[in-house]
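Coordinate inspection notes
Here are the chains, one letter per residue:
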Amino acid sequence: MTRYQTIANELASMIAKGLLRAEDRVPSVRSTMRKHRVNPGTVLRAYRDLEAQGLIESRPRSGYFVRSSGVKRLAEPKQFKVTRRSGAVLVSELIFEVFEAMKQRVLVQFGSAFVNPELFPVELNRAGASAARGLKPAATLEYLPPGSAELRRLIALRYLDSGHIVGPDDIVITTGALEAIFLCLRAVTRSGDTVAIETPTFYATLQMLEWMGLRAAEIATDPRTGIDLDALKLAFASGAVKACVVIPTFQNPLGSCMPEEHKRALARLAERYRVPVIEDAAYAELYFGATRPRSVKSFDRAGWVLHCGSLSKCLAPGYRIGWAAPGRFTRAVWESKIMSSLTTAPVCQEALVRYMKRGGFEQHLRRLRQALSEGCREMLNAVSSEFPADCRMTRPDGGYMLWVELPKTVDALTLYRLAQTAGVSIAPGPIFSAQRKYPNCIRLNFGHASIPQIRQGVSTLAQLVKSAAGAGKPC
Ligand SMILES: Cc1ncc(COP(=O)(O)O)c(C=O)c1O
């Protein structure tokens, strides 16, 4: 038995015997480290294992607690396998349909790609108004690529927190992470090239590949640890793959986070095979644990990791501020930005400089993480107690998405239409695959609806799923 299993078993048996009861605090990571003479990674692995079993849960800035709900959590999905080596991507039509539906105001927004707007700070509006008033026409030149020097400095300072150095000159401001990914792809690929991606993955990345005439090599992905590095290594070694796009921290749609050692190994693979790895870090700030997970970029020694960040998910969706830290491709991304959209709106850049300089960002992030973590816990409990027991579900440690595998007889696209009529939006599985796989899977957003709406929406969905599953044929 490995050391982390020993720790997990010991705590599980304390819970089973009633030595640790519902709502009790689990011994801190530090004290368990001392007791078992192991490093923090081993303890965290044991605690994650207990979380996955539904025995304990982490609460932001408070530690781990024994779960109060007697509901046994649904099992996690198995690894997502790949059946085809690579191919053209053909998903846009379906995605546009679902995207249009996202704009409709339904009662419960589980299909939305956004956080509840009420979770964002009102001070941002003041910063926006003050930027609009204060921006002098002549000063707009200062916001041309690579973007506001002050904004790049403030972003660079945030990287210091997670222990690695990205200088202001390594950063190019973009219009959201989406443009950053697009510019990075354009810098490292040509039409017809093959790009390795996770499966399932963020639908906009798929659309981008389709639109740029790139082929996708879907790589097997684990619902807990992310992209399969052995499979990726084979793809890199074959020479067929020209780049890779991954979401290592709170993957969309799975919510998974690659362990630190996997991130390090990914950075080494990029360096060894000289394959650019585009790291989509749009959700990196939304962690539920005590510390920000490290990025792949923090292990990058030779500039093969092109890191893409954003303030859309954690602070200001409407301002469309993102950035790329593209390593050895910085110059190419910078030039590409000029040709793509010249500049990202100066007033938006300036508004975020003003907001970030006045303080309060950290406090806002703490509140946001707390709200998302509560939404996550509520949704995990509600889905576990209401959905059929043979469903499977991921266990996010951050972000605001989770993935549910329904019984095989349930068709997610039909369910999505029925749910829409019943006032609940969901994101159907096929939009997350280049091959339109996952016909019986859905992605649920736990960061938009209120807690009562989560309960009500899950209950409505569960009824639809049960009647479809009971019908024995696709609903
Ligand atoms: C994984 C992922 N990357 C990037 C983006 C886009 O981020 P932005 O709004 O900063 O362009 C999203 C938005 O849904 C996302 O889910």
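Residues numbered from 1 in each chain as written. Predicted model: local features only at pLDDT ≥ 70, side-chain atom pairs only at ≥ 80, totals over all residues.

**A closer look at the domain arrangement of the protein**
If you check the domain split of the protein, you get domain 1 (3-66), domain 2 (87-116 + 364-471) and domain 3 (121-361). Placing a centre on the C-alpha atoms of domain 2 and another on those of domain 3 gives a separation of 25 Å. Taken together, the contact between domain 2 and domain 3 spans 32 residues of the former and 31 residues of the latter. Within the residue set of the side of domain 2 that touches domain 3, elements represented by two or more residues are strand S3 (87-88), helix H4 (92-103), helix H13 (361-386) and strand S15 (401-405). Ranked by residues supplied to the side of domain 2 that touches domain 3, first place goes to H13 with six residues. For the side of domain 2 that touches domain 3, the class distribution of residues is 20 nonpolar, nine polar and three charged. (Domains from an automatic or database assignment. Contact = placed C-beta atoms within 7 Å. Helix = DSSP H or I, 4+ residues; strand = E, 2+ residues; numbered from the N terminus. Nonpolar A, V, L, I, M, F, W, Y, C, P; charged D, E, K, R; others polar.)

**Describing the sheet that holds strand S14 (residues 392-393)**
What the four strands build is an open sheet, ordered S14-S15-S18-S17; its pairing is antiparallel. In the strand order of this sheet, the two ends are held by S14 and strand S17 (427-428), each with one partner. As paired elements, S17 and strand S18 (residues 441-445) share two bridges and run antiparallel to each other. Note on S18: the bridge partner recorded for Pro428 is Ile442. (Pairing = 2+ DSSP bridges.)

**With respect to the packing of helix H7 (residues 176-188) against helix H11 (residues 330-341)**
The geometry of H7 relative to H11 is characterised by a closest axis approach of 9 Å and an angle of 115° between their N-to-C directions. As H7 runs across H11, the sense of the crossing is right-handed. Contacts from Glu179, Leu183, Cys184, Arg186 and Ala187 in H7 reach Ala332, Val333, Ser336, Lys337 and Ser340 in H11. Of the residues contributing to the contact of H7 with H11, the split by class is five nonpolar, two polar and three charged. (Axes fitted to C-alpha atoms, helices over the stretch in contact; angles between N-to-C directions. Left-handed = near helix turned anticlockwise from the far one by under 90°.)

**A few points about the site of the ligand**
Taken together, Ala113, Gly176, Ala177, Leu178, Phe202, Ile247, Asn252, Asp280, Ala282, Ser310, Ser312 and Gly322 make up the full set of residues adjacent to the ligand. The element best represented in the shell around the ligand is H7, accounting for three residues. Of the residues contributing to the shell around the ligand, the split by class is six nonpolar, five polar and one charged. (Near = placed C-beta within 6 Å.)

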